[in-house]
Amino acid sequence: MPSLDFDAFLRSLKKGEILPAYYFHGDEDLLKDDALQGLLATAIDPSTRDFNLDRRRAADTSAEEFESLTMTPPMLAARRAVVLSEVETLQQRRPKAQALRAALVAYLGRPSPETLLVLVQSPGEKPDPSIEKLATSVAFKPFTPERVGRWIRHRGTKDGLTLDDEAAAHLQKVVGHDLAQLAAELAKLKSAVGDRPVTLKDVEDLVGVRHGKTV
């Protein structure tokens with residue numbers, strides 16, 4: 001199966017390409033969450049999502065439950081989705097984990113055309129080579145500093161914020177490259193400024209560090 005980075009995944013999603021099974025792994029959990037939301041929004045009819053979306057933790061799911069979830073036909077829609085998180089537990093030697101792993105491998109060999117399966121691995125865990133080969137692997141790696149700067153503006157726009165260059169640069173300098181923390185600070189800015197553009201002073205007042213000063 002194909003192996004994609006975050007950008008390639010977004011391009012395929014914009015084209016409306018939905019593959020049978022995805023394996024999300026890497027350390028950027030916020031990007032995984034965004035990607036999952038976008039994938040589900042594209043693949044599953046919002047009006048039937050309550051009936052056609054199941055989320056499970058791998059540690060809490062038996063092989064029999066997995067088979068039932070993935071082979072259940074969608075209700076009043078063309079497709080349903082199953083999201084299985086913490087799939088790193090399938091590498092454990094416990095009988096339950098190994099049974100679920102065997103069921104997953106068998107399913108990926110012949111996935112249902114009516115089911116979208118999304119496997120989500122926790123950060124700090126090495127990708128599973130076997131699953132990488134059988135599902136569409138999407139790696140969520142940390143952004144370069146330049147890309148983080150662009151992401152701040154993109155996230156701000158998504159949250160209804162307009163940041164000038166100085167404001168975005170100062171926020172990145174003070175907060176760093178942690179996307180989850182940056183998203184939290186942007187949410188605070190939105191609450192503070194409302195609909196007007198965000199200025200350097202707004203960021204200075206929020207983070208408590210003035211431009212040109214050390215953190």
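Everything that follows concerns the structure shown earlier in this document.
Quick notes on the rules
Residues numbered from 1 in each chain as written. Predicted model: local features only at pLDDT ≥ 70, side-chain atom pairs only at ≥ 80, totals over all residues. Heavy atoms only, no water. Helix = DSSP H or I, 4+ residues; strand = E, 2+ residues; numbered from the N terminus. Buried < 20%, exposed > 50% of the residue type's maximum accessible area, 1.4 Å probe, protein only. Contact = heavy atoms within 4.5 Å. Core = buried A, V, L, I, M, F, W, Y, C linked by side-chain atoms within 4.5 Å. Axes fitted to C-alpha atoms, helices over the stretch in contact; angles between N-to-C directions. Parallel < 35°, antiparallel > 145°, perpendicular 65-115°, else oblique. Left-handed = near helix turned anticlockwise from the far one by under 90°. Nonpolar A, V, L, I, M, F, W, Y, C, P; charged D, E, K, R; others polar.

Details of the environment of His177
Here comes step 1: Counting through the fold element by element, His177 comes out in the loop between α8 (165–175) and α9 (179–193).
Here comes step 2: Taking the relative accessible area as the measure of exposure, His177 reaches 40% and is therefore partly exposed.
Here comes step 3: Placed 124 residues apart in sequence, His177 and Leu53 show a C-alpha to C-alpha distance of 33 Å.
Here comes step 4: Discounting residues that sit within four places of it in the chain, His177 has contacts with Glu28, Pro145, Val148, Gln172 and Leu182.

Details of the nonpolar core
Here comes step 1: Counting 41 residues, the largest nonpolar core has Phe9, Phe24, Leu39, Leu116, Val118, Trp151 and Ile152 as its most contacted members.
Here comes step 2: Ranked by residue count, the leading element in this core is helix α2 (residues 29–43), at 7 residues.
Here comes step 3: Excluding anything up to four places from it in sequence, Leu116 contacts Ile18, Leu19, Pro20, Tyr22, Leu39, Leu40, Ala43, Arg79, Arg80, Ala81 and Val82.

Focus: the environment of Val105
Here comes step 1: By the secondary structure assignment, Val105 is in helix α5 (residues 95–109).
Here comes step 2: Linking Val105 and Leu161, residues 56 residues apart in sequence, is a C-alpha distance of 44 Å.

Let's talk about the packing of helix α4 (residues 63–71) against α5
Axis angle and axis distance: for two packed helices, these are the angle between their axes and the distance between the axes, and together they describe the pair.
Here comes step 1: Orientation of α4 relative to α5, taken along the N-to-C sense of each, is 25 degrees, at an axis distance of 8 Å. In terms of their interaxial angle, α4 and α5 are classed as roughly parallel. Judged by the sense of rotation from one axis to the other, the crossing of α4 with α5 is right-handed. Every residue of α5 that contacts α4 at Ala63, Phe66, Glu67, Thr70 and Met71 is listed here: Ala99, Leu100, Ala103, Leu104 and Tyr107.
Here comes step 2: Looking at side-chain class alone, the contact of α4 with α5 contains 8 nonpolar, 1 polar and 1 charged residues.

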